[in-house]
Amino acid sequence: MTGTTRSSEGLDAHRRKLLFRSWHRGMREMDLILGTFADAEIGALTGEEIDQYERLLDIPDTEFLPMVTGERPVPAEIDCAVLQKILAFRHSLTF
């Protein structure tokens, strides 16, 4: 997998920006996890979930990856519905 499989057509500017950010994290592992999540879910997230997702994208990869992979517990202050969706989605991935 080399990048997005979803067209940004039909997405508002904010969602297009988040889709791009999801695939251009800086750490390939996070590109694959968050990029494929965004491909599948960005169009269906509610406004509140979009806000949560944007806050999660602000977390540096070196801090976020261990939480997503289960190597480090998720702090209560960032645990949210979208993070739970990302964790469930990650478990369904096969690379």
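For the structure given in this document, a descriptive report is provided here.

Brief notes about the pattern of salt bridges
Side chains that carry opposite charge are capable of pairing whenever their charged atoms lie near each other.
Okay, step 1: Throughout the structure, instances matching the rule amount to 6 salt bridges.
Okay, step 2: The partner of Arg-21 in a salt bridge is Asp-58, and the shortest N-O contact between them spans 2.9 Å. In this pair, Arg-21 sits in helix H1 (residues 13-23) while Asp-58 sits in the loop between helix H3 (47-57) and helix H4 (61-68), placing the two residues 37 residues apart along the sequence.
Okay, step 3: Among the charged side chains, a network of salt bridges with common partners joins Arg-21, Glu-54 and Asp-58.

Notes on the packing of aromatic side chains
Each aromatic ring pair is characterised by the separation of its centres together with the angle its planes make.
Okay, step 1: Taken as a whole, this structure holds 2 aromatic pairs when the rule is applied.
Okay, step 2: Here Phe-37 and Tyr-53 contribute two aromatic rings whose centre-to-centre distance is 5.6 Å and whose plane-to-plane angle is 50°, an arrangement assigned as tilted. Within this pair, whereas Phe-37 is found in helix H2 (residues 28-41), its partner Tyr-53 is found in helix H3, the two being separated by 16 residues in sequence. A single burial state applies to Phe-37 and to Tyr-53, both of which are buried.

A short note on H3
Okay, step 1: Residues of H3 that are buried include every one of Glu-49, Ile-50, Gln-52, Tyr-53, Leu-56 and Leu-57, and no others. Down the axis of H3, the buried side of the element spans an arc of 160°, and every buried residue falls inside it. In this structure, H3 carries Glu-48 and Arg-55 as exposed residues pointing more than 90 degrees from its buried face.
Okay, step 2: For H3, the secondary structure elements touched by its buried residues are H1, H2, H4 and helix H5 (81-92).

Thoughts on the nonpolar core
Soluble globular proteins: nonpolar side chains tend toward being buried together.
Okay, step 1: Ile-42, Tyr-53, Leu-56, Phe-64 and Ile-86 are the most contacted members of the largest nonpolar core, which totals 28 residues.
Okay, step 2: Broken down by secondary-structure element, the contributors of at least two residues to this core are H1, H2, H3, H4 and H5.
Okay, step 3: Ranked by residues supplied to this core, first place goes to H2 with 6 residues.
Okay, step 4: Here Leu-56 is in contact with Phe-64, Ile-78, Cys-80, Val-82, Leu-83 and Ile-86, once residues within four sequence places are set aside.

Overview of the environment of Leu-65
Okay, step 1: Take Leu-65: it is sitting in helix H4.
Okay, step 2: Sequence separation between Leu-65 and Met-30 is 35 residues, and the spatial gap between their C-alpha atoms is 6.6 Å.
Okay, step 3: If we skip the residues at most four places from it in the chain, Leu-65 touches Met-27, Glu-29, Met-30 and Ile-33.

Procedures and definitions
- Residue positions within a chain follow its written sequence, with the count starting from 1.
- Note on the predicted model: pLDDT of at least 70 is required for a residue's local features to be given, and 80 or more for side-chain atom pairs to be given and counted; whole-chain, interface and lining totals, by contrast, use all residues.
- Remark: hydrogens and water are excluded; side-chain values derive from all non-hydrogen atoms of the structure.
- By definition here, a salt bridge exists when the distance from a side-chain nitrogen of Lys or Arg to a carboxyl oxygen of Asp or Glu is within 4 Å.
- Every helix listed is a DSSP run of H or I at least four residues long, and every strand listed is a run of E at least two residues long, numbered separately from the N terminus.
- Here a pair means two rings of Phe, Tyr or Trp (six-membered ring of Trp) with centres within 6.5 Å. Their orientation is stacked below 30 degrees between planes, edge-to-face above 60, and tilted elsewhere.
- Burial classes: relative accessible area under 20% of the type maximum marks a residue as buried, over 50% as exposed, and values in between as partly exposed (1.4 Å probe, protein chains only).
- Taken from the helix axis, the directions to the C-beta atoms give the arc we talk about.
- Note on contacts: a residue pair qualifies if any of its non-hydrogen atoms lie within 4.5 Å across the two residues.
- In these notes, a set of buried Ala, Val, Leu, Ile, Met, Phe, Trp, Tyr and Cys residues joined through side-chain atoms within 4.5 Å is what counts as a nonpolar core.

It is worth stressing that arrangement in space is one thing and function is another; only the former is reported here.
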